[in-house]
Amino acid sequence: MLKRCLFFLLVPVFAHADLQWASNKVFTACDPSVSRAEAQFTFTNTGSYPIKITNTRTSCGCTAAIADSKPVAPGGTGTINVSFKTLSRHGLYEEPIIVQTDDPKNKECTVYLRVLVRDAIEVLPRLLFWQASEPLDAKVITVTVTDGFTLKSIDAQCDNPDVAIQMTPVKAGAEYKVTVTPKARHAKAAISIISDVEGKGRKTVLARVRTS
Amino acid sequence: MRRALRQIIAILALPLLPAVATGLLHPRKPSWQSDEVTLAAATAWGSDLLWVDARPDADYAKGHIPGAIQLNEDRWDDLMDGVLDHFTTSRKIVVYCSSLSCQTSHDVARRLREEAQISNVFVLRGGWEAWTAERRPIETSPTGTQ
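Residues numbered from 1 in each chain as written. Chains lettered and ligands numbered in written order. Predicted model: local features only at pLDDT ≥ 70, side-chain atom pairs only at ≥ 80, totals over all residues.

1. A look at the domain arrangement of chain A
What counts here: An automatic or database domain assignment supplies the start and end points of every domain.
Domain parsing of chain A yields domain 1 (16–117) and domain 2 (121–211). Using only C-alpha atoms to locate each centre, domain 1 of chain A and domain 2 of chain A end up separated by 39 Å.

Printed below as a string of structure tokens:
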């Protein structure tokens, strides 16, 4: 009887569950030609009873998270596979993933997927705007080849004859400038920066011009 | 008594020096300014405001803030012209997505600031849920149009 009482008294004290993440922030980098960035979060159940991931929630439709459906025994490891849609995206993203468990003491925790989507070439700014009060003086778009990529060729084209452009190398193969000079008010133009990068092929990045 | 008071003030003020220095100089200092605005603050801007809807096409088609222009990252290049057709440098852009926990509006706002170098870009706190919670009017239209 005494043993039974001690068991029921002590089990709630010592029984515990805990998820130890190998890392609660996972970073990955990719270029937009890859349609999805994939990453994996790994955890260990350092507690004394099994834990099951009951649900995962993400902050946008661009991120999907799939967890192991089986309970993870004490000392065991589990994974959550996350994929992030990179289509049309650009820059650094930090996507929170809310993980829910069947452990009443740790019902919810958040892990973060950080994705750097970087083009082989960076074009900045991608909008040139002239206000009505502003003279139509030349402005410059800077084109930079991202580290790790080798440029085979680059060109710039404009779809509006009222906007003159000139591309000149600042450092051949690494940096270029496109000088843009509008000749008319209320002009709209799209400048296509067409690059051919080794291993990636041809890609067009758009920059827009507006005058008012 | 005065001396003790001076000493207390000095003790309290001393930690302020490194705190201020950190706040000014630290490379990863937190931003003092939030890019979020409340619905009340945004609507007070009146005609100086351009709403940008960052939600997926289907959500925009079901209902959006009247006059909102669609710009989501799935069709960034297709939709960007629509935003620029309504943009002037005097207008403030307020981006919204579904809810408070939604990150998409922040991502769209960041890209407008970084890529288009538009400075007056804000995010609606609470997003579309904040708008509908107040039972404000909504507009439905085909995607990609106003």
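2. Details of the nonpolar core
Rule in force here: Take the buried Ala, Val, Leu, Ile, Met, Phe, Trp, Tyr and Cys residues, join any whose C-beta atoms are within 7 Å, and the set you get is a nonpolar core. Counting other C-beta atoms within 10 Å of a residue's C-beta gives its exposure: the residue is buried at 20 or more, exposed at 12 or fewer, and partly exposed in between, where C-beta atoms are placed from the backbone. Residues are scored as being in contact if the C-beta atoms we place from backbone atoms lie within 7 Å.
Membership of the largest hydrophobic core comes to 72 residues, with the highest contact counts inside it found for A:Ile191, B:Val52, B:Ile93, B:Val94 and B:Val95. In contact with B:Val95, not counting residues within four places along its chain, are B:Val52, B:Ala54, B:Ser105, B:Val108, B:Ala109, B:Val121, B:Val123 and B:Leu124.

3. Re the sheet that holds strand E7 (residues 91–101) of chain A
Residues and elements named next belong to chain A. Applied cut-off: Strand pairing requires that DSSP identify at least two bridges connecting the strands. Note on conventions: DSSP H or I runs of at least 4 residues are helices, E runs of at least 2 residues are strands, and numbering of each starts at the N terminus. For helices, the fitted line uses only the C-alpha atoms of the stretch in contact; every axis is such a line through C-alpha atoms, and the angle between N-to-C directions lies from 0 to 180 degrees.
Overall, mixed pairing links the 4 strands, which are arranged E2-E8-E7-E4 in an open sheet. Of all the strands in the sheet, just strand E2 (25–30) and strand E4 (53–58) have a single pairing partner and so form its edges. Geometrically, the sheet is characterised by an average inter-axis angle of 25° between neighbouring strands, direction not taken into account. When E7 meets strand E8 (residues 108–117), the two strands line up antiparallel, connected through 10 bridges. When the bridges of E8 are listed, Tyr93 appears paired with Val115.

4. A few points about the confidence of the model for chain A
Any region with low pLDDT has predicted coordinates that should not be read closely. Residue and element names in this part refer to chain A. Short version of the rule: For every residue, the predictor assigns a confidence score, pLDDT, that lies between 0 and 100.
Averaged over all residues, the pLDDT of chain A is 89; the fraction at 70 or higher stands at 92%. Predicted confidence in chain A is weakest over helix H1 (residues 2–14), with a mean pLDDT of 50, and strongest over strand E14 (residues 175–182), with 98. The model gives residues 7–13 a pLDDT under 50, and that stretch makes 0 contacts with residues more than four places away or in other chains.

5. What about the interface of chain A and chain B?
Counted only if it meets this: Nonpolar residues are Ala, Val, Leu, Ile, Met, Phe, Trp, Tyr, Cys and Pro. Charged residues are Asp, Glu, Lys and Arg, and all others, Gly as well, are polar.
Listed by partner, the interface residues are 20 residues for chain A and 21 residues for chain B. For the side of chain A that touches chain B, the secondary structure elements donating two or more residues are E7, strand E10 (127–130) and strand E16 (201–211) of chain A. Residues that form the side of chain A that touches chain B fall into these classes: 8 nonpolar, 7 polar and 5 charged.

6. Details of unusual backbone geometry
Omega for the peptide link from A:Leu124 to A:Pro125 comes to -10°, which places this bond in the cis form. Position of A:Pro125 among the secondary structure elements: in the loop between strand E9 (121–124) and E10. One non-glycine residue with positive phi stands out, namely A:Ser88, at about 65°. By secondary structure assignment, the location of A:Ser88 is in the loop between strand E6 (77–85) and E7. Since 15 C-beta atoms lie within 10 Å of it, A:Ser88 is described here as partly exposed. A positive phi angle is found at B:Gln117, which is not glycine, with a value near 55°. According to the C-beta neighbour criterion, B:Gln117 is partly exposed, with 13 such atoms within 10 Å.

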